[in-house]
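Residue-level listing of the chains:
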Amino acid sequence: MFEKKTKSYTELLGKTNRIVEGTIINGDIISNADFRLDGELKGNFQTKGKIVIGPAGSVIGDIICKNADIEGKFKGKIQVLEILNVKNKAKIYGDVICGKLSVEPGADFSASCTMKTNSKNTIANDGQQKPEETNQ
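Within an unreviewed UniProt entry, the label attached to the chain reads Polymer-forming cytoskeletal protein, and the organism entered is Flavobacterium nackdongense. Annotation of the chain in UniProt includes, under Sequence similarities (unreviewed entry), the sentence "Belongs to the bactofilin family."

Peer 1: Please explain the packing of aromatic side chains as it appears in this structure.
Peer 2: For any pair of aromatic rings, the description rests on two quantities: the centre-to-centre distance and the angle between the ring planes. Counting across every chain of the model gives one aromatic pair. Judged by centre distance (5.0 Å) and plane angle (65 degrees), the ring pair of phenylalanine 35 and phenylalanine 45 falls under edge-to-face. Highlighted residues: phenylalanine 35 in strand β4 (residues 34–37) and phenylalanine 45 in strand β6 (residues 45–47), separated in sequence by ten residues. In terms of burial, phenylalanine 35 and phenylalanine 45 fall into one category: buried.

Peer 1: Would you explain the pattern of salt bridges in this entry?
Peer 2: Pairs may arise between side chains of opposite charge once their charged atoms sit close together. Throughout the structure, instances matching the rule amount to four salt bridges. In this structure, aspartate 38 engages arginine 18 in a salt bridge whose closest nitrogen and oxygen atoms are separated by 3.1 Å. On the criterion of sequence distance, the pair formed by aspartate 38 in the loop between β4 and β5 (40–42) and arginine 18 in strand β1 (residues 16–19) is long-range, its members being 20 residues apart. According to the relative accessible area criterion, arginine 18 is exposed, its value standing at 55%. Between aspartate 69 and lysine 50 there is a salt bridge, with its nearest N and O atoms 3.0 Å apart.

So, how was this worked out
Residues numbered from 1 in each chain as written. Predicted model: local features only at pLDDT ≥ 70, side-chain atom pairs only at ≥ 80, totals over all residues. Heavy atoms only, no water. UniProt positions renumbered as here; feature names shortened; annotations may be inferred. Phe/Tyr/Trp six-rings, centres within 6.5 Å; stacked < 30°, edge-to-face > 60°. Helix = DSSP H or I, 4+ residues; strand = E, 2+ residues; numbered from the N terminus. Buried < 20%, exposed > 50% of the residue type's maximum accessible area, 1.4 Å probe, protein only. Salt bridge = Lys/Arg side-chain N within 4 Å of Asp/Glu carboxyl O.

Spelled out as structure tokens, the structure:
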């Protein structure tokens, strides 16, 4: 009657994966959970959550994610569905596609950038524009 349900290890950690400084990964990573990278990744990364590249972290490859915070180095193509936060010590080279972008002063942002609205906003805007067009 008063039994406590034990939580799994991932529930206790908030379902965040972590690669610590000094770790080098050659290959692709696919994750459903959030991810913090303080090591090095040479390969592609994909998550349905958020990626944080710490100050000592670096990625050479492509990233697809929902949100991203970058403090370290990134070289490649990154696609962020919602918000990309670029911190002041970040170095980004390559192509960026994101919904919203925040770049702190001091960041090295040497990338081409395309801002895309998500499909929900596009549908909402289309619905609002059509009545205005008929009134003109």
